[in-house]
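What the coordinates show
Each chain is listed here by its residues.
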Amino acid sequence: MKKYVQNFVKYRFLLGELIKKGIALKYRRSYLGILWTLIEPLLTMIVLTVVFGTLFGNEDKTFPVYILSGRLLYSFFSISTKIAMKSIRTHSSMIKKVYVPKYMYPLSSVLTEYIIFLISLIVLVAVGAVLKVKPTIYLFGAIVPLVIIAVMAYGLGLILATLAVFFRDLEYIWSVALMLVMYTSAIFYKPAKIINAGYGWLLDINPLYSVVSNFRNSIFGAPLDQRALIISIAYSTVFLIVGTIMFAKKQDVFILYV
């Protein structure tokens, strides 16, 4: 662990440069630039509110906040894991030329998206203020799911990055898996609907739902759900441990496959 920390400190400046590069490349040749980070979730929220709110007769005035909070978390989880999965092959030229701790690549990918995600939360604050969602002391609890989802995305990113080096088709499989994650995360419907239908177990096996649920609890003035908290911590811990072990064992042969 001491050697790991020393190595991280030694290359921490490179991590910063990779994050800067990631943000610059993401908005290269974009007229709106980082402003799109605020516009895109707002437009998505409007569309989903019209479809799943107005057309389905949902009269809850805070429903747009409900949708937006889930949509932002899913968007970060989806994009960060996708980019982390491709990170080793994306930086293959650098890997072949110079030594850099290879975990820096998936880590920088996740952190890049995490910074953009945190910026996009400005939209959630604005929409919440407009729709008069009053902040409470429980709002500070939102820090917990925000930290958990970052760890979860990084751990899962390590697993995907390792497997994607050897199995290129994983990108297509993960896209389908993310679709399943989205539809079982209760982003645009109330979880009671799926629970009452007898499919509540789908929410439990979905690693993202427990994080989304507690994030919403904090926003709408409720304490963190302890069961959901335990589930989300368990998932993030397992992903991080498994991902770290897999990545460490296979990283020396990456150069033979990228």
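Every chain begins its residue count from 1, and numbering advances along the sequence as written. Where totals are concerned, whole chains, interfaces and linings use all residues; where local detail is concerned, this predicted model gives features only for residues with pLDDT of at least 70, and gives and counts side-chain atom pairs only at 80 or more. Only hydrogens and water are set aside when side-chain values are computed; all heavy atoms of the structure are taken into account.

**Quick notes on the overall build of the protein**
Secondary structure is summarised from DSSP: a helix means a run of H or I of at least four residues, a strand means a run of E of at least two, and numbering begins at the N terminus for each. Counting secondary structure elements, the protein contains twelve helices and zero strands. In sequence order, the secondary structure elements of the protein are arranged as α-α-α-α-α-α-α-α-α-α-α-α. Note on method: radius of gyration uses C-alpha positions; expected globular size equals 2.2 Å times residues raised to 0.38. In terms of C-alpha radius of gyration, the protein reaches 19 Å, essentially the compact-globule figure of 18 Å for 258 residues. Its C-alpha atoms put the protein at 60 × 45 × 35 Å along the principal axes.

**A closer look at helix α7 (residues 143-166)**
A rise of 1.5 Å per residue sets the reference length of α7, with its 24 residues, at 34 Å; its end C-alpha atoms lie 36 Å apart and thus fit the reference within 8%. Exposure is judged per residue with a 1.4 Å probe applied to protein chains only, and the accessible area is read against the type maximum: over 50% gives exposed, under 20% gives buried, and values in between give partly exposed. Of all 24 residues in α7, 18 are buried, a share of seventy percent or more. Expected helix span is computed as 1.5 Å times (number of residues minus one).

**Remarks on the confidence of the model for the protein**
One confidence number per residue, pLDDT, is output by the predictor and ranges from 0 to 100. Put simply, the protein has an average pLDDT of 88, and 94% of its residues get 70 or more. Here helix α1 (residues 2-10) stands out as the least confident element of the protein, with mean pLDDT 73; α7 is the most confident, with 96.

**Examining unusual backbone geometry**
Unusually for a residue other than glycine, K132 sits at a positive phi of about 60 degrees. Mapped onto the secondary structure, K132 falls in the loop between α6 (104-130) and α7.

**Quick notes on the pattern of salt bridges**
Between side chains of opposite charge, a pair can form when the charged atoms approach closely. We define a salt bridge as a side-chain nitrogen of Lys or Arg found within 4 Å of a carboxyl oxygen belonging to Asp or Glu. Here the structure, examined in full by the defined rule, presents four salt bridges. One salt bridge connects R71 with E40, and the closest N-O pair in it is separated by 3.6 Å. Here R71 is found in helix α4 (residues 63-90), whereas its partner E40 is found in helix α3 (residues 36-54), with 31 residues between them in sequence. Since its relative accessible area comes to 24%, E40 is described here as partly exposed. A salt bridge links R227 to D204, with the shortest nitrogen-to-oxygen separation between them at 3.1 Å. In this pair, R227 is assigned in helix α12 (residues 226-250) and D204 in helix α10 (residues 201-205), connecting sequence segments 23 residues apart. Among the residues examined, D204 registers a relative accessible area of 28% and is labelled partly exposed.

**A few points about the packing of aromatic side chains**
Any Phe, Tyr or Trp ring, taking Trp's six-membered ring, that has another such ring centre within 6.5 Å forms a pair; planes under 30 degrees apart are called stacked, those over 60 apart edge-to-face, and the others tilted. Enumeration over the complete set of coordinates arrives at ten aromatic pairs. For the pair Y183 and F188, a centre-to-centre distance of 5.9 Å together with 75 degrees between the ring planes defines the contact as edge-to-face. Residue class for Y183 comes out partly exposed when judged on its relative accessible area of 46%. Of the residues examined, F188 reaches a relative accessible area of 9% and is grouped as buried. Aromatic side chains F188 and Y189 sit 5.9 Å apart centroid to centroid with 65 degrees between the ring planes, which places their arrangement in the edge-to-face category. On the basis of relative accessibility, which here comes to 15%, the residue Y189 falls in the buried class. Each member of the aromatic cluster is reached from another via a ring pair, and the members are F166, F247, F254 and Y257.

**Brief notes about the packing of α4 against helix α8 (residues 170-183)**
At a minimum axis separation of 11 Å, α4 and α8 run at an interaxial angle of 170 degrees. Between α4 and α8, the angle is such that the two are roughly antiparallel. Considering only the axes of α4 and α8, their crossing is right-handed. The segment α4 lies against α8, with Y74, F77, S78, T81, K82, M85, K86 and R89 engaging L170, E171, W174, S175, L178, M179, V181 and M182. A breakdown of the residues in the contact of α4 with α8 according to their chemical character gives nine nonpolar, three polar and four charged. Working convention: axes come from line fits to C-alpha atoms, limited for helices to the stretch in contact. Angles between N-to-C directions cover 0 to 180 degrees. Orientation categories follow fixed angle ranges, with anything under 35 degrees roughly parallel, anything over 145 roughly antiparallel, 65 to 115 roughly perpendicular, and all other angles oblique. Handedness of a crossing is defined here by the sense of rotation of the near helix relative to the far one, left-handed for an anticlockwise turn of less than a right angle and right-handed for a clockwise turn. Note on contacts: a residue pair is in contact if any heavy atoms of the two residues lie within 4.5 Å. In this classification, the charged set is Asp, Glu, Lys and Arg, the nonpolar set is Ala, Val, Leu, Ile, Met, Phe, Trp, Tyr, Cys and Pro, and all remaining amino acids, among them Gly, are polar.

**Some thoughts on a nonpolar patch on the surface**
Together, W36, L42, L43, I46, V47, V50 and V51 make up an exposed nonpolar region whose accessible area comes to about 560 Å². By the element assignment, V50 lies in helix α3. Within this analysis, patches are made of residues with over 30% relative accessible area and no salt bridge. Like charges are joined at 9 Å or less; nonpolar side chains (Val, Leu, Ile, Met, Phe, Trp, Tyr) at 5 Å or less. Using a 1.4 Å probe, the Shrake-Rupley method yields the accessible areas, and only the shown protein chains count as cover for residues.

**Side note on the nonpolar core**
Core analysis: the largest hydrophobic core is formed by 70 residues, its most contacted members being F77, I88, F117, L124 and F215. Sorting the residues of this core by element identifies α2 (12-26), α3, α4, α6, α7, α8, α11 (209-219) and α12 as the ones contributing at least two each. Beyond its immediate sequence surroundings of up to four residues, F117 is in contact with L72, L73, F76 and L146. Definition of nonpolar core: a set of buried residues of the types Ala, Val, Leu, Ile, Met, Phe, Trp, Tyr and Cys, connected through side-chain atoms within 4.5 Å.

**Thoughts on the side chain of K102**
You can see K102 is positioned in the loop between α5 (92-97) and α6. The charge count includes Lys and Arg as positive and Asp and Glu as negative, but it does not include His or the ends of the chains. Comment: no salt bridge for buried K102; closest opposite-charge side chain is D252, at 5.0 Å. In this view, K102 contacts I88, I95, F247, Q251 and F254; residues no more than four positions away in its chain are not counted.

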